[in-house]
Amino acid sequence: MGERSTTSWTAHLPDTVQTWLNGRRVEEVECVISDIAGMSRGKAMPAAKFARSDRMFLPTSVFYQTIDGDYVDMDIAHQWTESDMVLVPDLDAVVACPWAEDVTLQVIHDVQDLRGRPVEAAPRNVLKRVLNAYHAKGWKPIVAPEMEFYLTKPNTDPDLPIEPPIGRTGRIAASRQAYSMSAVDEYGPVIDDIYDFAEAQGFEIDTIIQEGGAGQVEINFMHGDPLKLADQVFFFKRTIREAALRQNCFATFMAKPMQHEPGSAMHIHQSVVELDSGQTVFSTPAGKETPLFKSFLGGQQKYLPFVIPMLAPYVNSYRRYVRSGAAPINLEWGADNRTTGLRIPISEPPARRIENRIVGMDVNPYLALAASLACGYLGMVNGVKPRKPLAGEAYDGDYSLPRSLLDALQAFDENAELRDLLGPGFCDVYKALKAHEAESFLTVISPWEREHLLLNV
């Protein structure tokens, strides 16, 4: 990487970072990567040390750890020698850390092996691998993620149910208040901090709305480059949590945190443009649907069943797929139909897009975007035809999505084309981790079992 001078490296940072710094000296740098779960891992150091550093390392075992902290034995040669990976800073992926006491920056790093090759298991590399396949065809995908999450009372005892927050009125936040401005005002201080932090970090928020659940909020991003948007979601989860903690509440991205409230999704709006011209490949000059649009859609229907664990990664994720529960139960498609797993929103022809509604908010954003875009890509290159659009409510149809993580894992990585596109090494690691998590969950005795079985069977 070469030595970075203390003054020169900051001169190459994004304009949004320069604006936030406003001439201040950077005091601390957080060197971060995304692990498999999407958590931020890395090292923090004084800015002067970051400027002097030649190479930074993390052990490969960062990618062998489950969400509950266990390490999984896999058929990987010399797995527990924990050889080092090299962290390479991406100075285009730098944002402020506006809640920190010191002037602090977060720097996303790419992950390479000691020979300079991308580490296959690194989630950001998985997404880059898919994007490179698009670029080789002269295409560029465009995405716009939607983030749904809950603000809750602090929950310090995992045995107790999660509760909605107390609003400014002193009352518990009410559910079924979708799009209510008064409901958003109930926790205005948190929203204000989110706006302030987002502005400091240069994130372009499209809208903030109240969703249907008690304390449930949705934030929509402007459409753009998938890697940049994945970086934003990765950063923004931490940003929202910090804003919530400032106001003595929690922010959770669980897919289904409360039994009687709707789940939280990360709907992904997807389109594809020509790499050179920037013109959409989904619409003809006359504004009609193109064969590539239909084949992308067909690819979603054909290939998404193989990668559901990347879109619903935990046992809790499958509690969201409930008939008539504001989440899809199958992969039918329709125009302006929110009951389908694949929706075609109302738009002008240049903005024609496909909304993937099966993705939960508990995903790793790099992996969710990689999985969904990989399915569309294979549909385009293979000319896959979609089923006929659905008329009416998709909830009237049968379940075609798996009902559990173990069920979903049976099909994961069985498709050779998808496995090659996402990376065989990544697929092996991911499947092993998710199988371990699913089996671990089965050892836990739940409150439901104690309540209904203890004295009744």
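Described below are features of the structure shown in this document. Bear in mind that the values here come from a model prediction, so they are computed numbers and not experimental data.

Reading the values: rules and limits
Residues numbered from 1 in each chain as written. Predicted model: local features only at pLDDT ≥ 70, side-chain atom pairs only at ≥ 80, totals over all residues. Heavy atoms only, no water. Helix = DSSP H or I, 4+ residues; strand = E, 2+ residues; numbered from the N terminus. Rg over C-alpha atoms; globule rule 2.2 N^0.38 Å. Buried < 20%, exposed > 50% of the residue type's maximum accessible area, 1.4 Å probe, protein only. Expected span 1.5 Å × (residues − 1). Arc of directions from axis to C-beta. Contact = heavy atoms within 4.5 Å. 1 Å grid on protein atoms, 1.4 Å probe; cavity = no way out; pocket = protein on both sides within 12 Å on 5 of 7 lines; lining within 4 Å. Points joined across faces, edges and corners; volume = space filled by probe spheres on them. Nonpolar A, V, L, I, M, F, W, Y, C, P; charged D, E, K, R; others polar. Pairing = 2+ DSSP bridges. Axes fitted to C-alpha atoms, helices over the stretch in contact; angles between N-to-C directions. Polar contact = N/O pair within 3.5 Å; in protein donor to acceptor, adjacent residues only side chain to side chain. Patch = residues over 30% accessible without salt bridge, like charges linked within 9 Å, V, L, I, M, F, W, Y side chains within 5 Å. Areas by Shrake-Rupley, 256 points an atom, 1.4 Å probe, with all protein chains shown as cover. Salt bridge = Lys/Arg side-chain N within 4 Å of Asp/Glu carboxyl O. Parallel < 35°, antiparallel > 145°, perpendicular 65-115°, else oblique. Left-handed = near helix turned anticlockwise from the far one by under 90°.

1. Regarding the overall build of the protein
Step number 1: When you go through the protein residue by residue, the secondary structure sums to 14 helices and 13 strands.
Step number 2: Taking 2.2 N^0.38 as the reference for a compact globule, 457 residues should give roughly 23 Å; the C-alpha atoms of the protein span a radius of gyration of 22 Å, in line with that estimate.
Step number 3: With the principal axes as the frame, the protein shows a C-alpha extent of 65 × 55 × 50 Å.
Step number 4: With 457 residues in all, the protein has 55% of them scored as buried.

2. Side note on helix H13 (residues 424–441)
Spacing of three or four residues puts side chains on the same side of an α-helix, whose turn is 3.6 residues.
Step number 1: End to end, H13 covers 26 Å across 18 residues, agreeing with the expected 26 Å (1.5 Å per residue, within 8%).
Step number 2: Every buried residue belonging to H13 is among Phe426, Cys427, Val429, Tyr430, Leu433, Lys434, Glu437 and Ala438, and all of these are buried. In a view along the axis of H13, the buried residues occupy a sector of 170°, so they form one face of it.
Step number 3: Where H13 is buried, its residues meet helix H4 (123–136), helix H9 (308–311), helix H10 (365–382), helix H11 (405–411) and helix H12 (416–422).

3. Thoughts on the layout of surface pockets
Step number 1: Each pocket or cavity is described by its volume, and for the largest pocket that value is around 2200 Å³.
Step number 2: Breaking the lining of the largest pocket down by element, the ones donating at least two residues are helix H7 (226–246), strand E9 (250–252), H13 and helix H14 (447–453).
Step number 3: A total of six residues in the lining of the largest pocket trace back to one element, the largest contributor, which is H7.
Step number 4: Looking at the lining of the largest pocket, its residues break down into 26 nonpolar, 10 polar and 14 charged.
Step number 5: Empty space within the second largest pocket amounts to approximately 860 Å³.
Step number 6: When residues of the lining of the second largest pocket are traced back to their parent elements, those giving at least two are strand E6 (139–152), strand E7 (205–210), strand E8 (216–221) and strand E10 (268–274).
Step number 7: Examining the composition of the lining of the second largest pocket, we find that six residues originate from one element, E6, more than from any other.
Step number 8: When the residues that make up the lining of the second largest pocket are grouped by side-chain class, the tally is 18 nonpolar, 11 polar and 13 charged.

4. Section: the sheet that holds strand E5 (residues 104–112)
Step number 1: An order of E2-E1-E5-E4-E3 is seen for the five strands of this open sheet, with the pairing classed as mixed. Each end of this open sheet is capped by a strand with a single partner; those strands are strand E2 (40–46) and strand E3 (56–59). When strand polarity is set aside, the average angle formed by the axes of neighbouring strands in this sheet is 40°.

5. Observations concerning the environment of Ser347
Step number 1: With respect to the helices and strands, the residue Ser347 is situated in the loop between strand E12 (342–344) and strand E13 (354–356).
Step number 2: Contacts of Ser347, omitting those with residues within four sequence positions, involve Arg352 and Arg353.
Step number 3: Among the polar contacts listed, one links the side chain of Ser347 to the backbone oxygen of Ala351, at a separation of 3.4 Å.

6. Section: empty space enclosed by the protein
Step number 1: Per the stated rule, a full pass over the model turns up four cavities of 30 Å³ or more.
Step number 2: Of the pockets and cavities examined, the largest cavity occupies roughly 80 Å³.
Step number 3: For the largest cavity, the lining is made up of 13 residues, of which Ile33, Ser34, His109, Val111 and Arg124 are closest to its centre.
Step number 4: For the lining of the largest cavity, the elements supplying multiple residues, two or more each, are strand E1 (28–34), E5 and H4.
Step number 5: Considering every element that reaches the lining of the largest cavity, the biggest residue donor is E5, with four residues.
Step number 6: By residue class, the composition of the lining of the largest cavity is eight nonpolar, three polar and two charged.

7. So, a nonpolar patch on the surface
Step number 1: Among the surface-exposed residues, Leu406, Phe441 and Leu442 lie close enough to one another that they form a single nonpolar patch of about 270 Å² accessible area.
Step number 2: Inspection of the secondary structure puts Leu406 in helix H11.
Step number 3: A residue is classified by how much of its surface remains accessible, and Leu406, at 32% relative accessible area, is partly exposed.

8. Points about the packing of H4 against H10
Step number 1: The contact between H4 and H10 brings their axes to 9 Å, and the two run at 20°. The pairing of H4 with H10 is recorded here as roughly parallel in orientation. When the axes of H4 and H10 are compared, the crossing they make is left-handed. Of H10, the residues touching H4 (which contributes Pro123, Arg124, Val126, Leu127, Val130, Leu131, Ala133 and Tyr134) are Tyr366, Leu367, Leu369, Ala370, Leu373, Ala374, Gly376, Tyr377 and Met380.
Step number 2: Classifying every residue of the contact of H4 with H10 gives 15 nonpolar, one polar and one charged.

9. Re the pattern of salt bridges
Here the idea is simple: oppositely charged side chains can pair when their charged atoms come close.
Step number 1: Within this structure, the stated rule accounts for 20 salt bridges.
Step number 2: One salt bridge connects Arg387 with Glu332, and the closest N-O pair in it is separated by 3.3 Å. On the criterion of sequence distance, the pair formed by Arg387 in the loop between H10 and H11 and Glu332 in the loop between H9 and strand E11 (333–335) is long-range, its members being 55 residues apart.
Step number 3: Take Arg387: its relative accessible area is 39%, and that puts it in the partly exposed class.
Step number 4: Linking Arg419 and Asp413 is a salt bridge whose minimum nitrogen-to-oxygen distance equals 3.1 Å.
Step number 5: Judged by its relative accessible area of 23%, Arg419 is partly exposed.
Step number 6: Of the residues examined, Asp413 reaches a relative accessible area of 18% and is grouped as buried.
Step number 7: Here the salt bridges do not stand alone but share partners, grouping Asp90, Asp110, Arg124, Lys128 and Asp231 into one network.

10. Description of the pairing of E2
Step number 1: As paired elements, E1 and E2 share seven bridges and run antiparallel to each other. Each residue of the ladder has a partner; that of Val32, found in E2, is Gly42.
Step number 2: Taken together, E1 and the strand that follows it, E2, pair antiparallel across an intervening segment of five residues, in which Gly38 is found at a positive phi of about 95°.

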